[in-house]
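# Summary of structural features
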Amino acid sequence: MPFNCAKSGRRSSTRLNTHRPTQIQVVLMPASLLENHPLSTQPQPGQYPKGLMWFRRDLRTHDNAALFYALKHCQQVHCVFVFDKTILDALPNKADRRVEFIWESCMALKTKLQGFGGDLHLMYDHAETAIPELATKLGVQAVFTNKDYEPAAIHRDITVGKALQGNGVPLFRFKDQAIFEEDEVLTQAGKFFSVFTPFKNACMKKLDEFHLTPYPSEARMGALAKESDLSAPSLEDMRFKRTNLLEMIKPGEEGALDAFEDFLNRIDKYKDKRDFPAVKGVSYLSVHNRFGTISVRRLAKAAYDRFKFDGSEGAMGWLNELIWRDFYFQIIYHRPDAAEKAFKPEYDLIQWDSDEKAQKLFKAWCEGKTGFPLVDAAQRQLNQTGFQHNRLRMVTASFLTKDLGIDWRWGEKYFAENLNDFDLSANNGGWQWAASTGCDAQPYFRIFNPYSQSEKFDAEGKFIRKYCPELAKLSNKYIHNPAECPTFELQMAGVVLGETYPRPVVEHDVARKKTLERYAVVKKVKE
């Protein structure tokens, strides 16, 4: 589905007291075969006395491709993570849950590396200059890292690679966060896929046990360099504040494994429950997937085996989500311009509303004060927790673009600033899907009805009541659309429209007609 793939969110307040589910045993390939497998597209480094492992979106020691290669090809390996000022200093909210998640996960990674006899250099600096400088300071002969497919990350890596190369130090980049990347899965014409279903079919046809085999990185930890007195910047040193993150999510590799264990007990019901925000139906793993505190191979292997050996439709449904993730990775890799522009160029001819009225409507949407309960509850969930259920991401995105007539880029930016699991490729792909401007997007004339979506996916209003408590006493019949509620029942429920809860900011049927008119320019171009 569009937007997020392996979904993340609120962590259960208590860990389930269940045994770890029986898993199909993975037959580990010998390291030599894994590295030299004919399907491998990884670089082939030489041997070096000293190397530097640069952690980024891979904050774990288990099944880490770059870490495995660094430890295998170097006698000594130093490790580093850079809190990149280029990224962090631009964040408008200094109480950012993502920064706290990264910091906590780095502390956990540092402790784990220390347990293996190594340590982690933690730097608050600009990565483009900090990595080459640290490489020179440590006297390493090679730097190892895992790939990131976002345009800015690719530019950063090119800059770092050139600086290192000027000192005779190669930068090796490995596939780690995707099952299939870049040009590994192409159409018969040799082009990248822009439609999901044929991409998925091609992936499933190509999928081999090799692609799901973990890299035995922890088996080589003896090569970690001994360090001493490595300090770490605090959140306060970087001018960030604590949030409510730890009330909801346990960061780090251990937190990822806890969430993974919990989901494996529920995965068979994933397909049936995933669309209902009041139900614990999604995986709550996407923030861990985003920052690499768990390996995508581990996740895909579990889902693939559960389907292959047990016929679990829920597991296949979730594997489908992981493939959506790869789909958007390859889209942003091949079409980096889509980060700013419509994937379908003709859709940039659409005239979005941007006047003072539109800005007020956008503010109401951001704050969850539109008068549409499901939309408001979804936005309040995002603001309070940093998470929004995937079904609701589609609902709120459709509402912003097709009910309010506001540019999808406004909403994309707001999600980018507030989602714990924000990932450029999935966020951009999801917003362009909802706005019908992207690849394999819904037709422009398909416009979600926020009332029917509410009745279908939150029939009893449990989710709405949680995040819009002012509506809690309304009946199930009227909680989806309080504006239709009889005055007497509103009074009994303590609801005063326009005071305790806003009136609808638009009329959906009227907005729908305006949207069809707005998108007519695209139809004319196609004709």
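Model, not experiment: these values are computed from the prediction.

With that settled, the discussion passes to helix H13 (residues 313-334). Along its 22 residues, H13 runs 31 Å from first to last C-alpha, staying within 8% of the 32 Å computed at 1.5 Å per residue. The buried count for H13 comes to 18 of 22 residues, which makes it a mostly enclosed element.

Before going further, it helps to examine the layout of surface pockets. If you add up the space inside the largest pocket, you get close to 1,400 Å³. Looking at the largest pocket, it is lined by 40 residues, and the ones nearest its centre are Ile87, Leu91, Glu150, Arg290 and Phe422. Only strand E1 (48-55), strand E2 (74-84), helix H3 (85-88), helix H4 (97-115), helix H5 (127-138), helix H6 (151-165), helix H11 (286-291) and helix H17 (408-418) provide two or more residues apiece to the lining of the largest pocket. Taken together, the residues of the lining of the largest pocket sort by class into 22 nonpolar, three polar and 15 charged.

Overall, parallel pairing links the five strands, which are arranged E3-E2-E1-E4-E5 in an open sheet. Because the sheet does not close on itself, it has two edges, and the strands there are strand E3 (121-125) and strand E5 (171-174). For this sheet, the mean inter-axis angle between neighbouring strands, taken without regard to orientation, is 30°. By the bridge criterion, four bridges tie E1 to strand E4 (residues 142-146) in an arrangement that is parallel. What sits directly across from glycine 51, in E4, is alanine 142. Sitting on the sheet, H4 is in contact with E1, E2 and E3, with an inclination near 160° to E2.

The next point concerns the side chain of serine 217. Looking at where serine 217 falls in the secondary structure, it is placed in the loop between helix H8 (209-212) and helix H9 (252-264). Judged by relative accessible area, serine 217 falls into the buried class, the value being 0%. Ignoring anything within four residues of it in the chain, the contact list for serine 217 reads Thr61, His62, Asp63, Asn64, Leu67, Phe68 and Leu71.

This brings us to the packing of aromatic side chains. A full pass over the atoms with the stated rule returns 36 aromatic pairs. The interplanar angle of 50° and the centroid separation of 6.2 Å between the aromatic rings of tyrosine 48 and phenylalanine 172 together place this pair among those described as tilted. Taken as a pair, tyrosine 48 in strand E1 and phenylalanine 172 in strand E5 lie far apart in primary sequence, 124 residues in all. On the accessibility criterion, tyrosine 48 (16% relative accessible area) is buried. Seen in terms of ring centroids, phenylalanine 81 and phenylalanine 83 are 5.0 Å apart; in terms of plane orientation they differ by 75°. Their pairing is edge-to-face. Here phenylalanine 81 matches phenylalanine 83 in class, with each residue buried. These aromatic residues form a ring-pair network of at least three members: Tyr48, Phe68, Tyr69, Phe144, Phe172, Phe174 and Tyr215.

Okay, the confidence of the model for the protein next. Confidence in the prediction of the protein, expressed as mean pLDDT, is 92, and 92% of residues score 70 or more. Segment residues 5-28 is flagged for pLDDT under 50; beyond a separation of four residues in sequence, or across chains, it makes 66 contacts in the model.

A word on the packing of helix H15 (residues 373-385) against helix H16 (residues 390-403). In a packed pair of helices, the relevant descriptors are the angle between the two axes and the axis-to-axis distance. At a minimum axis distance of 10 Å, the contact between H15 and H16 shows a crossing angle of 115°. The angle between H15 and H16 falls in the class roughly perpendicular. Where H15 crosses over H16, the handedness of that crossing is left-handed. Together, Leu374, Val375, Ala378, Gln379 and Gln381 of H15 and Leu392, Val395, Thr396 and Phe399 of H16 make up the contact between the two elements.

A few words on the nonpolar core. Residues Trp318, Phe327 and Trp365 are the most contacted members of the largest nonpolar core, which totals 93 residues. At 10 residues, the largest contribution of residues to this core is made by H13. Counting residues in each nonpolar core, the second largest holds 45 residues, with Ala65, Cys79, Leu91 and Leu113 among its members.

With the rule as written, the count across this model stands at 39 salt bridges. Notably, a salt bridge pairs arginine 409 with aspartate 348, separated by 3.3 Å at the nearest N-O pair. Note that arginine 409 is positioned in helix H17 and aspartate 348 in the loop between H13 and helix H14 (356-367), a separation of 61 residues in sequence. Overall, arginine 409 belongs to the partly exposed group, its relative accessible area being 22%. On the basis of relative accessible area, aspartate 348 is assigned to the partly exposed category, the value being 32%. With a shortest N-O distance of 3.8 Å, lysine 360 and glutamate 356 are connected by a salt bridge. A residue pair is termed a helical-turn pair when its members lie 3 or 4 positions apart in one helix, as lysine 360 and glutamate 356 do in helix H14 at four residues. The exposure class of glutamate 356 is exposed, given its relative accessible area of 56%.

Reading the values: rules and limits
- Residues numbered from 1 in each chain as written.
- Predicted model: local features only at pLDDT ≥ 70, side-chain atom pairs only at ≥ 80, totals over all residues.
- Heavy atoms only, no water.
- Helix = DSSP H or I, 4+ residues; strand = E, 2+ residues; numbered from the N terminus.
- Expected span 1.5 Å × (residues − 1).
- Buried < 20%, exposed > 50% of the residue type's maximum accessible area, 1.4 Å probe, protein only.
- 1 Å grid on protein atoms, 1.4 Å probe; cavity = no way out; pocket = protein on both sides within 12 Å on 5 of 7 lines; lining within 4 Å.
- Points joined across faces, edges and corners; volume = space filled by probe spheres on them.
- Nonpolar A, V, L, I, M, F, W, Y, C, P; charged D, E, K, R; others polar.
- Pairing = 2+ DSSP bridges.
- Axes fitted to C-alpha atoms, helices over the stretch in contact; angles between N-to-C directions.
- Contact = heavy atoms within 4.5 Å.
- Phe/Tyr/Trp six-rings, centres within 6.5 Å; stacked < 30°, edge-to-face > 60°.
- pLDDT = per-residue confidence, 0-100.
- Parallel < 35°, antiparallel > 145°, perpendicular 65-115°, else oblique.
- Left-handed = near helix turned anticlockwise from the far one by under 90°.
- Core = buried A, V, L, I, M, F, W, Y, C linked by side-chain atoms within 4.5 Å.
- Salt bridge = Lys/Arg side-chain N within 4 Å of Asp/Glu carboxyl O.

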